[in-house]
Number of protein chains: 2
Amino acid sequence: MTNIREIARLAGVSVSTVSRVLNEHPYVREEKRRRVLAAVEELNYIKNANAVHLSKGKTYCIGVVIPFLNLPYFGEVLQGIAGEALKHGYHLKIFQTNYEKEAELDAFHRLRMKEVDGLILASRANSLEALQPFMEGTNVVFCENLSGVEKKVFINHYEAVRTAMDHLHSKGHKDIGLCIHRTFGTNSEERVRGFFDGAEAAGYKIQDGWIFNDCISLQDGREVVGQWESLGERPSALIVTSDQVSAGIVSQAGRKGISIPDELAILSFDNHPISEVFDITSFDVPIRQLGEEAFKLFLKEEPSSPVILETTLFERKTM
Amino acid sequence: MTNIREIARLAGVSVSTVSRVLNEHPYVREEKRRRVLAAVEELNYIKNANAVHLSKGKTYCIGVVIPFLNLPYFGEVLQGIAGEALKHGYHLKIFQTNYEKEAELDAFHRLRMKEVDGLILASRANSLEALQPFMEGTNVVFCENLSGVEKKVFINHYEAVRTAMDHLHSKGHKDIGLCIHRTFGTNSEERVRGFFDGAEAAGYKIQDGWIFNDCISLQDGREVVGQWESLGERPSALIVTSDQVSAGIVSQAGRKGISIPDELAILSFDNHPISEVFDITSFDVPIRQLGEEAFKLFLKEEPSSPVILETTLFERKTM
DNA sequence: GTGAAAGCGCTAACAT
DNA sequence: ATGTTAGCGCTTTCAC
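In the annotation of an unreviewed UniProt entry, chain A is listed under the name LacI family DNA-binding transcriptional regulator and assigned to Rossellomorea oryzaecorticis.

Q: Looking at this structure, how should I read the interface of chain B and chain A?
A: How big an interface is tends to be reported as the loss of accessible area on association of its parts. Between chain B and chain A, the residue contacts involve 46 residues of the former and 46 residues of the latter. Of the roughly 4,200 Å² buried between chain B and chain A on both sides combined, carbon and sulfur atoms contribute 58%. Three residues, Asn50(B), His91(B) and Val277(B), lead the burial of chain B against chain A; their summed loss comes to 15% of the area buried on that side. Counting the contacts that link chain B with chain A gives four salt bridges. The shortest N-O distance in the salt bridge between Arg222(B) and Glu276(A) comes to 3.9 Å.

Q: Mind showing me how you'd approach helix H11 (residues 243–256) of chain A here?
A: The periodicity of an α-helix, 3.6 residues per turn, causes residues three or four places apart in sequence to face the same way. Residue and element names in this part refer to chain A. The terminal C-alpha atoms of H11 lie 20 Å apart, and with 14 residues this matches the ideal 20 Å at 1.5 Å per residue to within 8%. With eleven of 14 residues buried, H11 is to be regarded as a mostly interior element. Taken together, the buried positions of H11 are Asp-243, Gln-244, Val-245, Ser-246, Ala-247, Gly-248, Ile-249, Val-250, Ser-251, Gln-252 and Ala-253. In this structure Ser-242 caps H11, since a side-chain oxygen of it lies 3.1 Å from the backbone nitrogen of Gln-244. Gly-257 occupies a position one or two residues after H11 and carries a positive phi of about 75°.

Q: Sorry, what's going on with the relation of the copies chain B and chain A here?
A: Mapping between the two chain copies consists of a rotation about an axis together with a translation along that axis. For these two chains of identical sequence, chain B goes onto chain A by a turn of 180° and a shift of 0.0 Å along the axis, with RMSD 0.1 Å. In the structure described here, the two chain copies are related by an operation that fits a two-fold rotation axis. Among all residues of chain B, the minimum C-alpha distance to the rotation axis is found for Lys93(B), at 2.2 Å. When the interface residues of chain B are mapped onto chain A, 100% of them again fall at the interface, so both copies present the same face.

Q: What should I look at first to understand the protein's contact with DNA strand D in this one?
A: Around DNA strand D there are 27 residues in total, and Ile4(A), Tyr45(A), Ser55(A), Thr17(B) and Arg29(B) lie nearest to it. Here a phosphate oxygen of DNA strand D and a backbone polar atom of Ile4(A) are 2.5 Å apart. Here Asn23(A) contributes a side-chain N or O atom positioned 3.2 Å from a phosphate oxygen of DNA strand D. Only helix H1 (4–11), helix H2 (15–22) and helix H4 (49–56) of chain A together with helix H2 (15–22) and helix H4 (49–56) of chain B provide two or more residues apiece to the surface near DNA strand D. A per-class count over the surface near DNA strand D returns ten nonpolar, eleven polar and six charged.

Q: Just checking my understanding: could you explain the pattern of salt bridges for this structure?
A: In a structure, side chains of opposite charge can pair up when their charged atoms sit close to one another. Counted under the stated rule, the structure contains 30 salt bridges over all chains. Between Arg288(A) and Glu76(A) there is a salt bridge, with the nearest N and O atoms lying 2.9 Å from each other. Taken together, the residues Arg288(A) in helix H13 (residues 287–299) and Glu76(A) in helix H5 (residues 72–87) connect sequence positions 212 residues apart. In this structure Arg288(A) comes out as partly exposed when scored by relative accessible area, which is 35%. We note a salt bridge from Arg34(B) to Glu30(B), for which the minimum N-O separation is 3.6 Å. Of this pair, Arg34(B) and Glu30(B) both sit in helix H3 (residues 30–43), four residues apart, which is roughly one turn of the helix. What makes Arg34(B) exposed here is its relative accessible area of 53%. A relative accessible area of 39% means that Glu30(B) is categorised as partly exposed. The network of salt bridges with shared partners includes Lys93(A), Asp106(A), Arg110(A) and Glu115(A).

Q: I tried to follow the protein's contact with DNA strand C on my own but got confused; where do I start?
A: The environment of DNA strand C is formed by 26 residues, the closest being Thr17(A), Arg29(A), Ile4(B), Tyr45(B) and Ser55(B). Each atom of DNA strand C within 4 Å of the protein was assigned to sugar, phosphate or base; sugar and phosphate come to 65%. Arg20(A) places a side-chain nitrogen or oxygen 2.7 Å from a base oxygen of DNA strand C. Between DNA strand C and Ser55(B) there is a distance of 2.6 Å, counted from a sugar or linking oxygen to a side-chain nitrogen or oxygen.

Q: Quick question: what am I supposed to make of the environment of Asp175(B) here?
A: With respect to the helices and strands, the residue Asp175(B) is situated in the loop between helix H8 (157–170) and strand E6 (176–179). Each C-alpha atom of the pair Asp175(B) and Gly248(B) lies 21 Å from the other, and the pair is 73 residues apart in sequence.

Q: What is the right way to read the sheet that holds strand E11 (residues 307–309) of chain A from this model?
A: By definition, the strands of a sheet pair up through backbone hydrogen bonds, in either a parallel or an antiparallel sense. With mixed pairing, the twelve strands of this open sheet are ordered in space as E11(A)-E5(A)-E4(A)-E3(A)-E1(A)-E2(A)-E2(B)-E1(B)-E3(B)-E4(B)-E5(B)-E11(B). The strands lining the two open edges of the sheet, one partner per strand, are E11 of chain A together with strand E11 (307–309) of chain B. For this sheet, the mean inter-axis angle between neighbouring strands, taken without regard to orientation, is 20°. Where strand E3 (residues 118–121) of chain A lies against strand E4 (residues 140–142) of chain A, three bridges are found, and the strand directions are parallel. Residue Leu119(A) lies in a different strand from E4(A), and its bridge partner there is Val140(A).

Q: Teacher, can you tell me more about empty space enclosed by the protein here?
A: Summary: where empty space remains is shown by rolling a probe the size of a single water molecule over the atoms. Using the criterion set out here, one finds three cavities of 30 Å³ or more in the structure. The space that makes up the largest cavity amounts to roughly 80 Å³. Taken together, Asn50(A), His53(A), Thr59(A), Cys61(A), Lys93(A), Glu115(A), Asn50(B), His53(B), Thr59(B), Cys61(B), Lys93(B) and Glu115(B) make up the lining of the largest cavity. Residue assignment for the lining of the largest cavity shows that the elements contributing at least two residues are H4 of chain A together with H4 of chain B.

Q: Mind showing me how you'd approach the state of the cysteines here?
A: One covalent bond between the sulfur atoms of two cysteine residues makes up a disulfide. All names here are of chain B. Considering all chains together, one arrives at zero disulfides over all chains under this definition. Of all cysteine sulfurs in the structure, the one in Cys-61 sits closest to Cys-143, which takes part in no disulfide; the separation is 16 Å. Cysteine Cys-179 shares no disulfide, and the gap to the nearest cysteine sulfur, in Cys-215, comes to 4.3 Å. Cys-179 gets classed as buried once you look at its relative accessible area, which sits at 0%.

Q: Could you clarify how one ought to interpret the layout of surface pockets in this entry?
A: Residues and elements named next belong to chain A. By volume, the second largest pocket is sized at about 780 Å³. In this structure, the second largest pocket is lined by 33 residues; those nearest its centre are Met-135, Glu-136, Gly-137, Thr-138 and Asn-139. Taken together, the elements giving at least two residues each to the lining of the second largest pocket come down to helix H6 (101–112), E4 and H13.

Q: Got a minute to help me understand the UniProt feature "domain: HTH lacI-type" (unreviewed entry) in chain A in this structure?
A: Taking the numbering used here, the UniProt-annotated feature "domain: HTH lacI-type" (unreviewed entry) corresponds to residues 2–56 of chain A. In residues 2–56 of chain A, the share of helix is 69% and the share of strand is 0%. The end C-alpha atoms are 20 Å apart.

Q: Hey, could you run me through the environment of Gly57(A) in this one?
A: Residue and element names in this part refer to chain A. Of note, Gly-57 is situated in the loop between H4 and strand E1 (61–66). For Gly-57, a relative accessible area of 41% puts it in the partly exposed group. Separated by 59 residues in sequence, Gly-57 and Val-116 have C-alpha atoms that sit 10.0 Å apart.

Q: Even after reading the chapter, I still don't get the packing of H1(A) against helix H3 (residues 30–43) of chain A, so can you show me in this structure?
A: Any two packed helices are characterised by how steeply their axes cross, that is the angle between the axes, and by the distance between the axes. Residues and elements named next belong to chain A. With their axes 9 Å apart at the nearest point, H1 and H3 run at an angle of 120° to one another. Classed by the angle they form, the pair H1 and H3 counts as oblique. For the pair H1 and H3, the sense of crossing is right-handed. The segment H1 lies against H3, with Glu-6, Ile-7, Leu-10 and Ala-11 engaging Arg-35, Val-36, Ala-39, Val-40, Glu-42 and Leu-43. Split into classes, the residues belonging to the contact of H1 with H3 amount to seven nonpolar, no polar and three charged.

About the criteria used
- Residues numbered from 1 in each chain as written.
- Chains lettered and ligands numbered in written order.
- Predicted model: local features only at pLDDT ≥ 70, side-chain atom pairs only at ≥ 80, totals over all residues.
- Heavy atoms only, no water.
- Contact = heavy atoms within 4.5 Å.
- Buried area = accessible area lost by both parts, 1.4 Å probe.
- Salt bridge = Lys/Arg side-chain N within 4 Å of Asp/Glu carboxyl O.
- Helix = DSSP H or I, 4+ residues; strand = E, 2+ residues; numbered from the N terminus.
- Expected span 1.5 Å × (residues − 1).
- Buried < 20%, exposed > 50% of the residue type's maximum accessible area, 1.4 Å probe, protein only.
- Polar contact = N/O pair within 3.5 Å; in protein donor to acceptor, adjacent residues only side chain to side chain.
- Least-squares fit on C-alpha atoms with pLDDT ≥ 70 in both.
- Near = heavy atom within 4 Å.
- Nonpolar A, V, L, I, M, F, W, Y, C, P; charged D, E, K, R; others polar.
- Pairing = 2+ DSSP bridges.
- Axes fitted to C-alpha atoms, helices over the stretch in contact; angles between N-to-C directions.
- 1 Å grid on protein atoms, 1.4 Å probe; cavity = no way out; pocket = protein on both sides within 12 Å on 5 of 7 lines; lining within 4 Å.
- Points joined across faces, edges and corners; volume = space filled by probe spheres on them.
- Disulfide = S-S within 2.5 Å.
- UniProt positions renumbered as here; feature names shortened; annotations may be inferred.
- Parallel < 35°, antiparallel > 145°, perpendicular 65-115°, else oblique.
- Left-handed = near helix turned anticlockwise from the far one by under 90°.

Here it is in structure tokens:
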């Protein structure tokens, strides 16, 4: 492997001059610059990134902590982060966790080892307390409304669900259920909080069994329909936190002859293209923007206030 | 930042002993090992990954060259690579290209800079000739049947499309169209080749306008229906290379009162969950396995023969 | 403008 | 078993 010293020798200059040329620093006489460039060409020189990283104490690489790579939601977040990162000359290193705490902690370890310059947590498995010992002096961005952290960007899920409740209320619904991905995690908790607050404000009663957990995929949505059918008292409307799930519900309802929205209204989230295909009324959630803002927060030096992203209702035919 | 030398000093040993302890090498007396570990604890020492990378000439990181992150196909490939990589202590660095040649070349540059130990090309924008100058002595895996490269894994698209043609033939179809993502790229070319070979073998005639390009999303599928309708002579069946597109077609056909499969049969690819929802007959394509095999090829030292993955038909109701 | 030299922090061959 | 030392390859301060 040819290095900067060999270039210097061949060009008849010092290594610092070579370094200056390579990094486009000023104060190099044109003739020497040319000699260096010629030597680089002749020896087929490529600079070693790891040496640069070590010397600079920086890698221009950001770690993304993410549970899965094959879900539309996370794909869109990634796309947002990657697009913004590219603009600033950064690359992404993926730390896929499957929501395993160990895997998540490993990402923090890598951060402390300076393998990456910072971390974006697209979703989180560990408690903040478990993470805190590894966070001092680091640059970590959270994609949730987590109190006690400096950098965060999140969708205003609480407000969105409350708005959803209001909308259903105005359509005459009083028996409302909720389909949700998981019950832990700030984003989910905020949704659930909005759900109960909304119910209380409107004087609804929420029945046991009207909250459906672990709903993330099309298949999960199809199964919800069966569960809904087997209920004694059934909600007349469902707030569903993913268009994938909603699509599963709508499709399965179609097969079973359940009329939507007459027998069951659906108010969904994401405004994913699939919601258009199924004519599902859905809140647009700026997921890609979430990723973009997360990266911008990473770049920020000074502490900045949380970035809050709002949702927008797209009315179609399931409510 | 505390380094290995400080640890050595505090523990009263040499740096090599510290290194041995840290890397679990043998031949360290238990007492010294303990002293080192105590010093590590006391100074809160974390080893610097970049120094290790530089010294070892290895990063345990593999680059993945990929056009988009938010498409189901590529999400699944990523998931496959990441899962296998994790097993072997590797991480993924993402080089998102949007199919821009420059961005793709940049990935090769990073490889030569030793920023990553190898590259997996999930999909390719440059010609092999354009890439070749940057490939000597490197470890690159292609996810396509590209002649002239050492490491490759690919789906047998040719055979799959030929089988598809046979199936449609046996159902009485003679006018067959093709929906495809793009026309360049080996995978697409193989499909097109299978399409024309199949037609020729069965004595079909393929009309102009029966090949629909740029079909990748749900929305694209919906638009295909309009194009199909405006055709003078229409194919009675469509081979569609993505379930997303098929779902768009089926859904749009439903709205327009076009009967599937009577007026238009659909034979799709991927066996994505969405094909189950829409009851679409689809070839299962082992996409995740593609990713896994790609990573295994990366690890292989000796040259190995291409890995060829076959598809499996799942019959449902669109044919 | 240019060069010498001191890092950056770790690994591993060699000597003992 | 353990220590010494020469790398790995680049950046950057300081002096001229």
